[in-house]
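Examination of the molecular architecture
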Amino acid sequence: MKNRSQRQSSPTPKRPAYRTLAGWALGVLVEQHAITECEHHGHRRSRSDPDAWNRAREEAWRNPFPGATPEACIAALEEVMRSIGDSCPDC
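Here's a quick rundown of the structure. (Residues numbered from 1 in each chain as written. Predicted model: local features only at pLDDT ≥ 70, side-chain atom pairs only at ≥ 80, totals over all residues. Heavy atoms only, no water.)

1. Brief notes about the pattern of salt bridges
Enumeration according to the criterion identifies six salt bridges in this entry. Across the pair Glu39 and Arg45 runs a salt bridge whose closest N-O atoms are separated by 3.7 Å. Here Glu59 ties to Arg62 by a salt bridge, and the two come within 3.6 Å at their closest N and O atoms. Residue Glu59 and its partner Arg62 are both found in helix H2 (residues 50-62); the two are separated by three residues, about one turn of the helix. (Salt bridge = Lys/Arg side-chain N within 4 Å of Asp/Glu carboxyl O. Helix = DSSP H or I, 4+ residues; strand = E, 2+ residues; numbered from the N terminus.)

2. Description of the environment of Thr20
With respect to the helices and strands, the residue Thr20 is situated in the segment before helix H1 (21-31). Here the alpha-carbon distance between Thr20 and Phe65, two residues 45 residues apart in the chain, equals 8.6 Å. Among the polar contacts listed, one links the side chain of Thr20 to the backbone nitrogen of Gly23, at a separation of 3.0 Å. (Polar contact = N/O pair within 3.5 Å; in protein donor to acceptor, adjacent residues only side chain to side chain.)

3. Quick word on the packing of H2 against helix H3 (residues 70-82)
Remark: H2 packs on H3, axes separated minimally by 8 Å, with the N-to-C direction vectors making an angle of 145°. Judged by the sense of rotation from one axis to the other, the crossing of H2 with H3 is right-handed. Taken together, the residues of H3 that come into contact with H2 (itself represented by Trp53, Ala56, Arg57, Ala60 and Trp61) are Pro70, Glu71, Cys73, Ile74, Leu77, Glu78 and Met81. The residue inventory of the contact of H2 with H3, partitioned by class, reads nine nonpolar, no polar and three charged. (Axes fitted to C-alpha atoms, helices over the stretch in contact; angles between N-to-C directions. Left-handed = near helix turned anticlockwise from the far one by under 90°. Contact = heavy atoms within 4.5 Å. Nonpolar A, V, L, I, M, F, W, Y, C, P; charged D, E, K, R; others polar.)

4. Some points on H1
Of all the positions in H1, only Trp24, Ala25, Gly27, Val28 and Leu29 are classed as buried. Packed against the buried residues of H1 are strand S1 (35-37), H2 and H3. The first or second residue beyond H1 is His33, which carries a positive phi of 60°. (Buried < 20%, exposed > 50% of the residue type's maximum accessible area, 1.4 Å probe, protein only.)

5. What to know about the packing of H1 against H3
Contact geometry for H1 and H3: axes closest at 9 Å, N-to-C directions at 75°. Relative to H3, H1 is oriented roughly perpendicular. Where H1 approaches H3, its residues Leu21, Ala22, Trp24, Ala25, Leu26, Val28 and Leu29 are matched on the opposing element by Ala72, Cys73, Ala76, Leu77, Val80 and Met81. Broken down by class, the residue content of the contact of H1 with H3 amounts to 13 nonpolar, no polar and no charged. (Parallel < 35°, antiparallel > 145°, perpendicular 65-115°, else oblique.)

Listed below in structure tokens is the structure:
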């Protein structure tokens, strides 16, 4: 009888990190520090940092969401940013 460390687990299919273009755009904005999360309520807030915004746009252009054009990815970034304010609505 094999112990747990010796058993081979069945490989699970790898799922993409992001399922939607909007989710991907939000992830890029977080990774580039263009937006943050309110530590008390969890709402997203724009940092109003033009350098971070430019980094996010460059990242979207260089590494677009699979199956999307760089132009569509930048449009998705802009759409997400339009939906985010610079303050938490609950603070």
